[in-house]
Amino acid sequence: MSDQVKGLLITTLAVLMVVPDSIFVRLIEADALVIAFWRGLGAGGLILVGVLAWQGTAPYRLLPGTGAYGAVYIVAVGGAGVLFPLAVSLTSVANVVFIIAALPVFAAIFSWLFMGERVSRRMVLTMIAVAVGLAILAYGSDETQGAHWTGDLTALGVAALFGAGLTAARKVRRVSMVAAVPIGYIGASMLLWPFIAPMSIPGDSWHLVAFHGAFIAGSSMGLALGPRYIPSAEVGLLILLESVLAPLLAWWILGEDPGTYALIGGAVVIGALALSNAVALARRRG
């Protein structure tokens, strides 16, 4: 199997595993922070076991060398893991995934602010188009089933944290940050523990909690491994699948109509990002 095929398979599987994330949050009948606790503990624990079984303690001996950038990545991963269930509980699934799809814009802004990287004309045009799409989505929040501006802002926070994490990881790209993911997930769960009732999950929802953690663990590891075999632009295009499939899954399973404004705004965001990634990929291959 070529690296290209291997990377496409790993990344596609990882994206498909993250698609039901918001559905699990809705189906588990518990407070969003309780779900965030078990999501982080379950996924983080499985990834930790996987890293130790596959590579031993070597990756963890390298992490201190990443310094402040490693710390930013850990905080970003942990914080986003907590904010995501909150966002899903406060607004529509469609709004959440369409807003989070804008994370490459935040990554570009942070790279410009903290790494001095020039923002290309292609990225500036992408930012403008994404801003227009998000404005359309926000304008129609009052008319979208289950949508609310508080959840939209929380989702924006998730995108900003992910963008910061990706920027920090690029700064220390010589070190694999897969080992840092369980530190962020489990660390965030431990911080939540004193403020929640972890065992308040209903008895008939524990199997969903287990599946939720397993899906997030598999997705996190796949999305960390995939970019090693294919260009980041291809990874970006595949990740957009989640933004398309998650609202459709919520519509089918939960009966949650994303609404006209969310669909239009989401289409503008996804279309702009897809075109931008496609242009970047074409230039790389050319």
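Residues numbered from 1 in each chain as written. Predicted model: local features only at pLDDT ≥ 70, side-chain atom pairs only at ≥ 80, totals over all residues. Heavy atoms only, no water.

### Focus on the overall build of the protein
For step 1, the next point in the chain: What the protein contains, in helices and strands, is 13 helices and zero strands.
For step 2, the next point in the chain: Secondary structure elements in the protein, listed N-terminal to C-terminal, are α-α-α-α-α-α-α-α-α-α-α-α-α.
For step 3, the next point in the chain: By the compact-globule yardstick of 19 Å for 286 residues, the protein fits well, its C-alpha radius of gyration being 18 Å.
For step 4, the next point in the chain: Principal-axis analysis of the C-alpha atoms gives the protein an extent of 55 × 50 × 40 Å.
For step 5, the next point in the chain: Here the protein holds 286 residues, and the buried ones make up 48% of them.
For step 6, the next point in the chain: Residue pairs in contact within the protein that sit at least 24 positions apart in sequence constitute 90% of those at least 6 positions apart.
For step 7, the next point in the chain: Approximately 13,500 Å² of the protein is accessible, and the part contributed by carbon and sulfur atoms is 70%.
For step 8, the next point in the chain: Here the protein contributes 15 positive and 13 negative side-chain charges, whose respective centroids are spaced 22 Å apart. (Helix = DSSP H or I, 4+ residues; strand = E, 2+ residues; numbered from the N terminus. Rg over C-alpha atoms; globule rule 2.2 N^0.38 Å. Buried < 20%, exposed > 50% of the residue type's maximum accessible area, 1.4 Å probe, protein only. Contact = heavy atoms within 4.5 Å. Areas by Shrake-Rupley, 256 points an atom, 1.4 Å probe, with all protein chains shown as cover. Lys, Arg positive; Asp, Glu negative; His and termini not counted. Charge placed at Lys NZ, Arg CZ, Asp CG, Glu CD.)

### Some remarks on the packing of helix α3 (residues 32–55) against helix α11 (residues 206–225)
For step 1, the next point in the chain: Here α3 crosses α11 at 50°, and the two axes come no closer than 8 Å. One element, α3, and the other, α11, form an angle in the oblique class. Along this stretch, α3 crosses α11, giving a crossing that reads as right-handed. The segment α3 lies against α11, with Ile 35, Trp 38, Arg 39, Gly 42, Ala 43, Leu 46, Ile 47 and Trp 54 engaging Trp 206, Val 209, His 212, Gly 213, Ala 214, Ile 216, Ala 217, Ser 220, Met 221 and Leu 225.
For step 2, the next point in the chain: Residues that form the contact of α3 with α11 fall into these classes: 13 nonpolar, four polar and one charged. (Axes fitted to C-alpha atoms, helices over the stretch in contact; angles between N-to-C directions. Parallel < 35°, antiparallel > 145°, perpendicular 65-115°, else oblique. Left-handed = near helix turned anticlockwise from the far one by under 90°. Nonpolar A, V, L, I, M, F, W, Y, C, P; charged D, E, K, R; others polar.)

### Quick notes on the pattern of salt bridges
For step 1, the next point in the chain: Applying the stated criterion across every chain yields a total of two salt bridges.
For step 2, the next point in the chain: With its nearest N and O atoms 2.6 Å apart, the salt bridge here joins Arg 39 to Asp 21. Of this pair, Arg 39 sits in helix α3 while Asp 21 sits in helix α2 (residues 21–27), placing them 18 residues apart in sequence. Of the two residues, Arg 39 and Asp 21, neither departs from the other in class, the shared state being buried. (Salt bridge = Lys/Arg side-chain N within 4 Å of Asp/Glu carboxyl O.)

### Describing the nonpolar core
For step 1, the next point in the chain: Grouped together as the largest cluster of nonpolar side chains are 52 residues, with contacts concentrated most on Val 96, Ile 100 and Val 130.
For step 2, the next point in the chain: A per-element tally of this core places helix α6 (residues 93–100) first, with seven residues.
For step 3, the next point in the chain: Dropping the residues within four chain positions of it, Ile 100 is found in contact with Phe 84, Ala 155, Val 158 and Ala 159.
For step 4, the next point in the chain: Listed in part, the 19 residues of the second largest apolar core include Ile 47, Val 178, Ala 179 and Ala 217. (Core = buried A, V, L, I, M, F, W, Y, C linked by side-chain atoms within 4.5 Å.)

### As for helix α5 (residues 67–90)
Each α-helix turn comprises 3.6 residues. Residues three or four places apart therefore point the same way.
For step 1, the next point in the chain: In this model, α5 (24 residues) spans 35 Å end to end at C-alpha, consistent with the 34 Å of a helix rising 1.5 Å per residue.
For step 2, the next point in the chain: Listing the buried residues of α5 in full gives Gly 70, Tyr 73, Ala 76, Val 77, Gly 78, Ala 80, Gly 81, Val 82, Phe 84, Pro 85, Ala 87 and Val 88.
For step 3, the next point in the chain: Of the surrounding secondary structure, the elements contacted by the buried residues of α5 are α2, α3, α6, α9 (149–171) and α10 (180–192). (Expected span 1.5 Å × (residues − 1).)

### Some remarks on the packing of aromatic side chains
For step 1, the next point in the chain: Under the definition given, this model contains six aromatic pairs.
For step 2, the next point in the chain: With a centroid separation of 5.5 Å and an interplanar angle of 65°, the aromatic rings of Phe 24 and Phe 215 are classed as edge-to-face. Residue Phe 24 is located in helix α2, and its partner Phe 215 is located in helix α11; the two are separated by 191 residues in the primary sequence.
For step 3, the next point in the chain: Classification of Phe 24 as buried rests on a relative accessible area of 9%.
For step 4, the next point in the chain: Note on Phe 215: relative accessible area 27%, which makes it partly exposed.
For step 5, the next point in the chain: Ring centres of Phe 37 and Trp 38 lie 5.1 Å apart, and the angle between their planes is 85°; on these two criteria the pair is classed as edge-to-face.
For step 6, the next point in the chain: Grouped by ring-pair contacts, the aromatic residues Phe 37, Trp 38, Trp 193 and Trp 206 constitute a single cluster. (Phe/Tyr/Trp six-rings, centres within 6.5 Å; stacked < 30°, edge-to-face > 60°.)

### Observations concerning the environment of Ser 141
For step 1, the next point in the chain: Inspection of the secondary structure assignment puts Ser 141 in the loop between α8 (121–139) and α9.
For step 2, the next point in the chain: Since its relative accessible area comes to 3%, Ser 141 is described here as buried.
For step 3, the next point in the chain: Residues Ser 141 and Tyr 261 lie 120 residues apart in sequence; the distance between their C-alpha atoms is 7.6 Å.

### A look at the environment of Thr 91
For step 1, the next point in the chain: Along the chain, Thr 91 turns up in the loop between α5 and α6.
For step 2, the next point in the chain: For the pair Thr 91 and Leu 237, spaced 146 residues apart in sequence, the C-alpha to C-alpha distance is 25 Å.
For step 3, the next point in the chain: Beyond its immediate stretch of four places on either side in the chain, Thr 91 contacts Arg 26, Val 96, Gly 146, Ala 147, His 148, Gly 151 and Asp 152.
For step 4, the next point in the chain: One polar contact links Thr 91 to Asp 152, side chain to side chain, over a distance of 2.9 Å. (Polar contact = N/O pair within 3.5 Å; in protein donor to acceptor, adjacent residues only side chain to side chain.)

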